[in-house]
Amino acid sequence: MIEARARMRALHRAPEPEVLAALLPAALLGEEQRHSVVARARPLIAGLKAAASSGWVNRFLQHYQLGSDEGTALLSLAEAFLRVPDPVTADLLIRDKLGQADWKAKLGDSDSLLVNSATWGLVMGKAMLADPQAGVLKRLLSRTGEPFIRQAVAAAMRLMGEVFVMGRTIDEALGFADRQKGFTASFDMLGEAAHTFPDAMGYFDAYLGAIEAIGRKRGGRRGGGGGNDNISGRHSISVKLSALHPRYETAHASAAVPTLTELAMTLAQAAASAGIGLTIDAEESERLDMSLDIIGAVAAHPGLKGWDGLGMAVQAYGKRAPAVIDWAEALGAATGRCIAVRLVKGAYWDSEIKRTQALGLADYPLFTRKPATDVSWLACARAMLDSPHIYPAFATHNALTVATVLEWAGESRDFEFQRLHGMGEGLYEDLVRNQGHHCRIYAPVGGHRDLLAYLVRRLLENGANTSFVHQIADDDMPEEELLADPAARVARSGGLPHPAIPKPSAMYAHEAATGGRPNSPGIDLADAPTLDALAAAAATLVLPAAPAAVDVAAAVARAEAAAPGWAATPVEDRAARVEALGDALEADTPALIGLLVQEARKTLPDAVAEVREAIDFCRYYAAQARHLMQPMPLPGPTGESNCLMLAPRGPFATIAPWNFPLAIFLGQCAAALVTGNPVLAKPAPQTPRIAARAVALAHAAGIPADVLQLIPGGGAEGDALVRDGRVQGVAFTGSTATARAIARALLDDDARPLIPFIAETGGINAMIADSTALPEQVVADVIASAFQSAGQRCSALRLLLVQREVADSVITMLKGAMDALVVGPAGNPMTDVPPVIDAAAAAKLEAYRQSVKARWLHSIAAPEGDYVAPTLIAIDRVGDLKEEWFGPLLHVTTWEAGTLAETVQAVNALGYGLTMGLHSRIAGASDTVQALAQVGNLYVNRSIIGAVVGTQPFGGEARSGTGFKAGGPHYLLRFCTERTVTIDTTSAGGNASLLSLEEDA
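Owing to the predicted nature of the structure, the values given are computational and were not obtained by experimental measurement.

1. A short note on the overall build of the chain
Now for step 1: Counting secondary structure elements, the chain contains 37 helices and 23 strands.
Now for step 2: Among the 1001 residues that make up the chain, the fraction classed as buried is 56%.
Now for step 3: The long-range fraction of contacts in the chain, counting pairs at least 24 apart against all pairs at least 6 apart in sequence, stands at 76%.
Now for step 4: A total of about 39000 Å² of accessible surface is found on the chain, and carbon and sulfur atoms cover 56% of it.

Shown next, in the form of structure tokens:
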């Protein structure tokens, strides 16, 4: 097992071609085998096609495939409709989704009367709910028709749910499963993940109750199997570990893994007593190591000796899958048991890709092409068939892979196939009922509202254009294409990654605005050894002495003297030095993280993200400057040359905050430097050491000492900088009050030129959630937006507005999620909410918090010291929140259905304009907020923090800033002045260019 775990580590982010080269020999078929496999697959395809065309619901879903506008609209409606409690929002959702597609184009396309009738209903529904400016009769029909349409949609969504969910209760599901003659079931109590400890206990109780119910029935006992048949012939249970603990994360492994091991052990013992199997489902790749620790501990428990019902799922899209198979075989051998392994293609592909890109990790943990996943699945399947301590369970809807397994297995029946309930019907009927093979149906159990996240994930997973289920429904797809050998395709391509999915490091290689730049590298904090090493290094870092004070006037004089030479330095040279600074930051990442943790009280994830942001600023602005600061020829009359140029302004003062003491500090500096301005950089008095380290790295990267000078100190030094008439521009990030004081100071001296003032200030940032939003997603994004970084981000959430009809349930879930937060020291990997920056900030926040204690909705405990307990505070209306409170304090109020526009206007009236969030499944709601919100950054269906350089340029308006946005394509313009040069080229005696023109024939 140790060897297999080492192989997993080596494979995790290994190059895709290298991993596939080792898998291809096991997946490739000889010519004779290939002919046999194809012959086996053809009748299976026929069975699938016959099943797909039977039953009007199947035909309806086939008619409106996911790739079409109509299919997407139906999927979106199914995902949200049943959780909407109020008719106003339900009607808005229906109108929004029905209006997105051309239902008329689908009329008469089906040979099913019921499908065509349903399409007529969609056409009529769209017409009745359409143009609000329509005539009186149509408006009357719309009003009277909406309740009927609403009822019809609800019935249709429940019907769709019944296709994919076996039963609302375990007893109902058992009754259905027992009617599937020859098939067994593995029941999954619906729940994608627990967000609170009460949720986790509820899921645990549901699993335990299901095990007892299955044990009482012992459904589906059948013969014809191997030594594992006493388990394989009965219904079983599937368990998601993420449903049993809200903090199933590497950083919380020391608490979560022992708890989950105990819970899994209890469920396994109950399953063993019931004589049924229990499979631990696969999760995202970052949880694999923890999952294996838990499975290994359960397998080794002496009380479970003699029970061969323990199973695990393995996702073939993961590069580590072959090593996980080897680990399962070694575990079975070491514990004297047979481990049931469910081999699946994988269920989190798109989210894994996005996460890897967002974190800037070295490579993907999975394959980027569908044929590569198929090769991995086949190689793993062959290994499982050859493993004496593995009972194979092959989960697939692909006729070709089924045929391949049958070919390799020969006469053996000591394995089973698995399919999802509601999908793949027709593939296994003949194999089970006439040929004696096993097939288990993965069967979701739960209410229709609970199925929604599961349903969408399954439809997305199986509705992708490359999915066999999708392809087989396409009448234009040639059968030979369905039967194409994935191993041969991979061999021909050399196993190269998908060209449209670049490595994270190359995400911005073709960025149009910059001509390309490398992405900053991240650190994989889901890898326990990496996390532990980083935490240890940060904890042992010894803070250096704070930098000494300087003479501000003398520093300005040096900057003024250096200005001509730096302005004359070619932009390519300046950009190269700023890029070299980015490289130096990358090389110095561990020390910078330690400084951010110790001096700025950053958590480890926040510190990693900040170093990456500083690197991105350097590289982005360098690339931008090369493009922007080239002379731009302009059109004009013949005989005249016109050119527009950007030129530096002169010494710039940059004043940075303590909440982003590296990223914002260096972002301001890099922008001014690369455009040719000397910089007098003043850090916040709380974080001078981080700034000193950054300036030292800049000097080592080739930026002259007089061109970039550190100005430590407090308000007095800042005031001296701002009031010095030789300073030609100021860039500031901080409070609105300080920004106003700087603006006044810049205008006090009548003899001083008018100079640019670039300010990014605070905001009363709001998030609006309507009743179509997924509560789990809302809560996760609220927790991150309000409490990450102890709420000390300019963009942090200050005001949550929840639609009244769902407010109680959302707030209840939010309270539970808060209870799962850890408030503690910044360097502790488990910490979610660190102390605030200093004692003064803590005292100010705590005084306000205590003053509104009567309005607390919820608060959690915090240690002694500079900690502020995360707290929910009720307010009656938006206007009651008069100022920004820069800490983990979240104000909450409600809004009425149908008043979205008025709610946005109320937030606008607060006078700030930094960030706003919206959670809604109604596209029209997003349009409304986009049209009305007076904010610099609007985020829809995600958190409102974490802007990325070049991707989400950041900055506010009104009382929240002056623009342009940091990390955006226009920011450098504020550090420059524009100059136009016009030359009359005929002044020396004629227009030679005209004389040289040839006469037009």
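Here the narrative resumes, following the displayed structure.
2. What to know about the sheet that holds strand E5 (residues 339–344)
Now for step 1: Taken in spatial order, the eight strands of this closed barrel run E1-E2-E3-E4-E5-E6-E7-E8, and their pairing is parallel. This sheet shows a mean twist of 30 degrees between the axes of neighbouring strands, independent of strand direction.
Now for step 2: Strand direction decides the pairing type here: strand E3 (residues 278–280) and strand E4 (residues 310–315), joined by three bridges, are parallel. The partner of Thr 279 across the bridge, within E4, is Gly 311.

3. So, the sheet that holds strand E12 (residues 679–682)
Two pairing modes exist for strands in a sheet, parallel and antiparallel, and in both the strands are linked by backbone hydrogen bonds.
Now for step 1: An order of E13-E12-E11-E14-E15 is seen for the five strands of this open sheet, with the pairing classed as parallel. If you trace the sheet from one side to the other, it starts and ends with strand E13 (708–710) and strand E15 (757–760), each paired once. Ignoring which end each strand starts from, the neighbouring axes of this sheet average 15 degrees apart.
Now for step 2: Note: strand E11 (residues 652–655) against strand E14 (residues 729–733), four bridges, orientation parallel. Each residue of the ladder has a partner; that of Thr 654, found in E14, is Ala 731.

4. Focus on the nonpolar core
Now for step 1: Core analysis: the largest hydrophobic core is formed by 112 residues, its most contacted members being Phe 187, Ile 237, Leu 244, Leu 278, Met 312 and Phe 417.
Now for step 2: The element that contributes the greatest number of residues to this core is helix H12 (residues 253–274), accounting for 12 residues.
Now for step 3: Discounting residues that sit within four places of it in the chain, Leu 278 has contacts with Ile 211, Ile 237, Val 239, Leu 267, Ala 268, Ala 271, Trp 307, Gly 309, Leu 310 and Gly 311.
Now for step 4: Grouped together as the second largest cluster of nonpolar side chains are 82 residues, Ala 90, Leu 93, Ala 842 and Val 878 included.

5. Topic: the pattern of salt bridges
Now for step 1: Enumeration according to the criterion identifies 43 salt bridges in this entry.
Now for step 2: For Glu 599, the salt bridge identified is with Arg 689, shortest N-O distance 3.0 Å. Here Arg 689 lies in helix H29 (residues 688–700) and Glu 599 lies in helix H26 (residues 589–599), a separation of 90 residues in the sequence.
Now for step 3: For Arg 689, a relative accessible area of 23% puts it in the partly exposed group.
Now for step 4: Across the pair Arg 855 and Asp 876 runs a salt bridge, and its minimum N-O distance is 3.0 Å. In this pair, Arg 855 is assigned in the loop between helix H34 (839–851) and strand E18 (856–859) and Asp 876 in the loop between strand E19 (871–874) and strand E20 (889–895), connecting sequence segments 21 residues apart.
Now for step 5: Overlapping salt bridges bring together Arg 5, Asp 289 and Asp 293 as one network.

6. Topic: the packing of helix H10 (residues 197–217) against H12
Packed helices, taken two at a time, are described by the angle their axes make and the gap between the axes.
Now for step 1: Taken N-terminus to C-terminus, the directions of H10 and H12 make an angle of 10 degrees; their axes are 8 Å apart at the nearest point. The orientation of H10 relative to H12 falls into the category roughly parallel. Facing Met 201, Phe 204, Tyr 207, Leu 208, Ile 211 and Gly 215 of H10, the residues of H12 in contact are Leu 263, Thr 266, Leu 267, Ala 270, Ala 271 and Ala 274.

7. Brief notes about the environment of Ala 874
Now for step 1: Its location among the elements puts Ala 874 in strand E19.
Now for step 2: Under the relative-accessibility criterion, Ala 874 is labelled buried at 16%.
Now for step 3: For Ala 874, the contacting residues outside a window of four places in its chain are Arg 855, Leu 857 and Val 892.

8. Observations regarding the pairing of strand E8 (residues 438–445)
Now for step 1: Within E8, eight of the eight residues are buried, which leaves the element mostly enclosed by the surrounding structure.
Now for step 2: What you see with E8 is no split at all: His 438, Arg 440, Tyr 442 and Pro 444 on one side and Cys 439, Ile 441, Ala 443 and Val 445 on the other are buried throughout.
Now for step 3: Here six bridges tie strand E1 (residues 184–189) to E8, and the two strands are oriented parallel to one another. What sits directly across from Asp 188, in E8, is Pro 444.
Now for step 4: Bridge count between strand E7 (residues 416–420) and E8: five bridges; the pairing is parallel. The residue bridging Glu 416 from the neighbouring strand is His 438, located in E8.

9. Describing the confidence of the model for the chain
Now for step 1: Model confidence for the chain is summarised by a mean pLDDT of 89, while 87% of its residues fall at 70 or above.
Now for step 2: Taken together, the stretch residues 132–141 has pLDDT below 50 and engages in four contacts with residues farther than four places along the chain or on a different chain.
Now for step 3: Per-residue pLDDT stays below 50 along residues 219–229; that stretch engages in 34 contacts with residues further than four places along the chain or on separate chains.

What counts, and at which threshold
Per-chain numbering applies: the sequence of each chain, read as written, is numbered from 1 onward. Owing to the predicted nature of the model, reporting of local features is limited to residues with pLDDT of at least 70; listing and counting of side-chain atom pairs is limited to 80 or more, with chain, interface and lining totals taken over all residues. For the side-chain quantities, the full set of heavy atoms in the structure was used; hydrogens and water were omitted. Numbering of helices and strands runs from the N terminus, with a helix taken as a DSSP run of H or I at least four residues long and a strand as a DSSP run of E at least two residues long. Relative accessibility under 20% of the residue-type maximum defines a buried residue, over 50% an exposed one, and the middle range a partly exposed one, all with a 1.4 Å probe and only protein chains included. Contacts were defined at the residue level, with two residues in contact if any of their heavy atoms lie within 4.5 Å. Reported accessibility uses the Shrake-Rupley method at a 1.4 Å probe radius. Residues are deemed covered only where the shown protein chains occlude them. Strand pairing is assigned whenever DSSP identifies at least 2 bridges connecting the two strands. All axes here are fitted lines through C-alpha atoms, helices being fitted over the stretch that makes contact, and every angle between N-to-C directions spans 0 to 180 degrees. In these notes, a set of buried Ala, Val, Leu, Ile, Met, Phe, Trp, Tyr and Cys residues joined through side-chain atoms within 4.5 Å is what counts as a nonpolar core. Salt-bridge detection follows one rule: a side-chain nitrogen of Lys or Arg within 4 Å of a carboxyl oxygen of Asp or Glu. Our angle categories are set so that under 35 degrees counts as roughly parallel, over 145 as roughly antiparallel, 65 to 115 as roughly perpendicular, and the remainder as oblique. On a range of 0 to 100, pLDDT expresses the predictor's confidence in each residue.

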